[in-house]
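Close look at the chain arrangement
Here is what each chain is made of, one letter per residue.
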Amino acid sequence: MNDLVTGADGVTRCAWAGSDAEYQRYHDEEWGTPLHGDRPLFEKMSLEGFQAGLAWITILRKRPRFREVFHDFEPSVVARFGPDDVERLLQDAGIIRHRGKIEAAIGNAAIVAAMGPGELDALMWSFAPASHTPPATFAEVPAVTPESTALSKDLRRRGFRFVGPTTMYALMQSSGMVDDHVAGCWRAA
């Protein structure tokens, strides 16, 4: 795969953005942009967990429905979901219908809801590397780092699920804890 692609709009982006308009918008406006707040980071954690084993574009296309059925990922609301909600969600073709991932999102919401305001944000950002050199090529982009491994371990110790080291590195990328836009991309540092 080439590291860069120039879109029909003349903009040079990381090659993974391809020609799909939603992927390009996500690349340009979200991926690698610092994101703060317990609710937005809980949403990222949940969606990254739902993505495990799937293409991210699948999640992006289903995100509006995820936001609707998970009440905009408000932890205190999702934490109150019960067995009937799980069954309802398992019947909703607009989301990823995986019992383990749905139950993990609900359980994770309960943990976040029990935390103090800003605690999830502070916790997650405490694992952001002090310095990060943006990659020159995709070959330099890791799937896992010591920081994502440590974050995963800490979250699992607290009872979070679907927060493995690879998933947490993807979250670190998507929430701007690291900037992995490759050299030559218009978003590269």
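The coordinates are above.
Residues numbered from 1 in each chain as written. Predicted model: local features only at pLDDT ≥ 70, side-chain atom pairs only at ≥ 80, totals over all residues. Heavy atoms only, no water.

Details of helix α9 (residues 165–174)
Given 3.6 residues per helical turn, the α-helix brings residues three or four places apart onto the same face. With seven of 10 residues buried, α9 lies mostly within the body of the structure. Within α9, burial applies to Thr-167, Met-168, Tyr-169, Leu-171, Met-172, Gln-173 and Ser-174. Structurally, α9 contributes buried residues whose contacts are with α1 (21–29), α2 (38–51), α7 (119–125) and α8 (146–157). Directly beyond the C-terminal end of α9, a positive phi value near 80° is found at Gly-176. (Buried < 20%, exposed > 50% of the residue type's maximum accessible area, 1.4 Å probe, protein only. Helix = DSSP H or I, 4+ residues; strand = E, 2+ residues; numbered from the N terminus. Contact = heavy atoms within 4.5 Å.)

Some thoughts on helix α6 (residues 99–114)
When the terminal C-alpha atoms of α6 are compared, their 23 Å separation across 16 residues agrees well with the 22 Å that a helix rising 1.5 Å per residue should span. The set of residues buried in α6 consists of Lys-101, Ile-102, Ala-104, Ala-105, Ile-106, Asn-108, Ala-109, Ile-111 and Val-112. Lining the buried residues of α6 we find α2, α4 (75–78), α5 (83–90) and α7. (Expected span 1.5 Å × (residues − 1).)

Notes on the state of the cysteines
Here the structure, examined in full by the defined rule, presents zero disulfides. Cysteine Cys-14 remains unbridged, with the sulfur of Cys-185 as its closest cysteine sulfur at 3.8 Å. The buried category is assigned to Cys-14, whose relative accessible area is 0%. (Disulfide = S-S within 2.5 Å.)

Concerning the packing of aromatic side chains
Taken as a whole and assessed by the stated rule, the structure comprises 10 aromatic pairs. For Arg-88, the ring lying beneath its charged end belongs to Phe-81, and the centroid distance is 5.6 Å. Positioned over the ring face of Trp-186 is Arg-187, at 5.9 Å from the centre of the ring. (Phe/Tyr/Trp six-rings, centres within 6.5 Å; stacked < 30°, edge-to-face > 60°. Lys NZ or Arg CZ within 6 Å of the ring centre and 35° of its normal.)

Looking at the layout of surface pockets
Roughly 380 Å³ of internal volume is contained in the largest pocket. Forming the boundary of the largest pocket are 19 residues, of which Trp-31, Glu-48, Trp-56, Ala-170 and Gln-173 lie nearest the centre. Listed by contribution, the elements that provide at least two residues to the lining of the largest pocket are α1, α2 and α9. Counting residues per element, the lining of the largest pocket draws most heavily on α9, at six residues. Looking at the lining of the largest pocket residue by residue, the class counts come to 12 nonpolar, five polar and two charged. (1 Å grid on protein atoms, 1.4 Å probe; cavity = no way out; pocket = protein on both sides within 12 Å on 5 of 7 lines; lining within 4 Å. Points joined across faces, edges and corners; volume = space filled by probe spheres on them. Nonpolar A, V, L, I, M, F, W, Y, C, P; charged D, E, K, R; others polar.)

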